[in-house]
Amino acid sequence: ALDLYDHEFVDQYTYGFPALRERCERWDPATVARITRVPEDQLTRAAELLGTIKPLAMEWGCAIEQSTNAFQTCRAIFMIPALTGNYDVPGGFVQSMEIAPTADLLFDRLSPDMAAKCISGGYPINDGTLTPKLFAHPWLTLEAMRTGEPYPVRALISSANNTLISVPDSLHTMESLMALDFFVYLDFFMTPTAELADIVLPAALWPEVDSVFCMPEFGDVAALCMRKVAQVGECKSDEDFFLELCRRMGLDYGAENQREILDGILAELGNRRPEYAGMDFDQFKELGWIAPQREYYGYRAHGFDTETGKFELYSPRLARAGADPLPDWREVPESPASRPDLLGEYPLILTTGSRTMPYFISNNRQVQTLRKLHPFPLVSIHPDTAARHGIRAGDWVWIETPRGRITQKAKLLAELDPDVVSCEMGWWYPEAGAPGYGWDESNANILTVGAPPHDPEGGAYQLRGLLCRVYPNPGCGIEERYRAWMDSD
């Protein structure tokens, strides 16, 4: 067996290593290879690299967070820098300096009665059990709009969310939004979701507002985003909108204007970094940005912000919340292993979420100069799989799951597993016109699952590893419509 963990760090600074070691015995290379389809020799080689590279830095994106194993997968990956002695070291996985917060989300302003109404799903990450924050579960909240359970949700304010494209199971989303009595939407442009709203409010673009950019709140730099142009027409920043809404409802937002919010962020920065104490936004504009000197090995002096004071491989807090205190893995709800009954009709494995420049999630399809760079959505298919289904590179194809079907343009990708197809997300077609803008033609979330079972700790749903089939769509007219739109301008 390989012995690649950092004994000094593990012995001195971690909690629960024996329990983690015992848990890992379930997941020998042969078992992991069978589940993941990654050959054993590659798994072993990856472990050797992770255990011997010094320093080792790690990064992950949203793919691992879009699964019913999201929370524990993130925990497991986060443990690797600690187990290998690469935690908070130069060139390694560095600990955040948390120099400034984002705007206060005002969770402390909720009364106990209102907090109890949060449609959290009972997931400990969302319901205040593990953090002081409360989060409504998106799909369950939409379900409450549709069914009235656990109570009716009759109105919604949505800001730059494009809910119809961005939330799983878009047919369910459409039904839920249509059940609302009142829907207010804020955005820069008209979108398929905005078209459903009773009132559409124009949001101010970044060049129209001042802001202190320190997102996420655990970041190490605070940067000035300074207003460059006058706000146009009736557009307002999100902060101005909610300040005015609170004022008219007789609620205390905690600030009178956006400037007070910015000064509040800088006041907290001064609390955390005394060298900047007393600085207001005018003084911050003179600096432009703040990046304190990085410090390493902070745990040696201060320990970890956990109840044991150590890096917790085993989490007592999770155990008390009724969650698994150690990382583990469960078969996802819809896969060849969990739903063999679907394989006859849906023999392929679908991963959704592929993103492409120059787009950000569902944004920018309406900007013609950017659309020219990537005019159509692409679904990646192995050449052998494509040939077996009568599909050639550049063909429009149907991608279908038990929830519905969409169409995208075939891209042949030899490095892809022959049993897997990967489609892009975020697609709608401004050239299709109002009211729908082609929201259901190529939208990957038509195919995804929002309903339970969810990730038991945080409520994440399954957006990848779904079962699907693909077949040609020879009558697709999306390209002709696009060319007419481009030629019209």
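As shown above, the structure is provided for reference.
To start, this report covers the structure provided alongside it. The written sequence of each chain sets the order in which its residues are numbered from 1. Restriction of local features to residues with pLDDT of at least 70 applies here, the model being predicted, together with a cutoff of 80 or more for giving and counting side-chain atom pairs; totals for whole chains, interfaces and linings are based on all residues. Think of the side-chain values as coming from all heavy atoms in the structure, minus any hydrogens and water.

### What to know about the sheet that holds strand β14 (residues 464-472)
Two strands are said to pair when DSSP picks up at least two bridges between them. In this text, helices come from DSSP runs of H or I with a minimum length of four residues, and strands from runs of E with a minimum of two, each type numbered from the N-terminal end. In spatial order, the strands read β9-β13-β10-β12-β11-β14; together these six strands close into a barrel with mixed pairing. Across the sheet, the mean angle separating the axes of adjacent strands is 45 degrees when strand polarity is ignored. Here strand β10 (residues 378-381) pairs with strand β13 (residues 420-424) via three bridges, running antiparallel. Residue S380 lies in a different strand from β13, and its bridge partner there is S422. To define axes, lines are fitted to C-alpha atoms, for helices over the stretch in contact only, and angles between the resulting N-to-C directions are given on a 0 to 180 degree scale.

### Side note on the packing of helix α7 (residues 138-147) against helix α9 (residues 170-178)
To describe two helices that pack against each other, one gives the angle between their axes and the distance between the axes. Two elements in contact, α7 and α9, have axes whose closest approach is 7 Å; the angle formed by their N-to-C orientations is 50 degrees. Judged by the inter-axis angle, α7 sits oblique to α9. In the crossing of α7 with α9, the sense of the turn from one axis to the other is left-handed. In this structure, α7 uses W139, L142, E143, M145 and R146 to contact α9, whose residues at the interface are H172, T173, E175, S176 and L177. Amino acids outside the nonpolar list (Ala, Val, Leu, Ile, Met, Phe, Trp, Tyr, Cys, Pro) and the charged list (Asp, Glu, Lys, Arg) are all regarded as polar, and Gly is one of them. Its residues placed into classes, the contact of α7 with α9 shows four nonpolar, three polar and three charged. Working definition: roughly parallel below 35 degrees, roughly antiparallel above 145 degrees, roughly perpendicular at 65 to 115 degrees, and oblique for all remaining angles. With the far helix as reference, a near helix turned anticlockwise by less than a right angle produces a left-handed crossing, and one turned clockwise produces a right-handed crossing. The contact criterion used is simple: two residues touch if any of their non-hydrogen atoms lie within 4.5 Å.

### Quick notes on the pattern of salt bridges
Salt bridge, as used here, is a side-chain nitrogen of Lys or Arg placed within 4 Å of a carboxyl oxygen of Asp or Glu. Taken as a whole and assessed by the stated rule, the structure comprises 28 salt bridges. For R37, the salt bridge is made with D419, and the minimal N-O distance between the two is 2.9 Å. Residue R37 is located in the loop between α3 (29-36) and α4 (40-52), and its partner D419 is located in the loop between β12 (404-412) and β13; the two are separated by 382 residues in the primary sequence. Exposure remark for R37: the relative accessible area of 42% places this residue in the partly exposed category. Here R146 ties to E143 by a salt bridge, and the two come within 2.9 Å at their closest N and O atoms. On the criterion of helical spacing, the pair formed by R146 and E143 is a turn pair, its members being three residues apart in helix α7. Each of R259, D263, D280, D282 and K285 takes part in salt bridges that share partners, so that together they form one network. The rule is simple: take the accessible area with a 1.4 Å probe, protein chains only, and divide by the maximum for that residue type; under 20% is buried, over 50% is exposed, in between is partly exposed.

### Structural notes on the nonpolar core
For soluble globular proteins, nonpolar side chains are generally found buried alongside one another. As used here, the term nonpolar core means buried Ala, Val, Leu, Ile, Met, Phe, Trp, Tyr and Cys residues forming a set that is joined through side-chain atoms within 4.5 Å. Core analysis: the largest hydrophobic core is formed by 26 residues, its most contacted members being L350, I399 and V421. Among the secondary structure elements, those contributing two or more residues to this core are α8 (163-166), β9 (348-354), β10, β11 (396-401), β12, β13 and β14. In terms of nonpolar packing, the next biggest core, distinct from the first, is built from 18 residues, F9, V10, L20 and F311 among them.

### Some remarks on the pairing of β12
Bridge count between β10 and β12: four bridges; the pairing is parallel. Within β12, the position partnered with S380 by the bridge is K411. Inspection of the sheet shows β11 paired to β12 by six bridges, in the antiparallel sense. Bridge pairing in β12 places W396 opposite K409.

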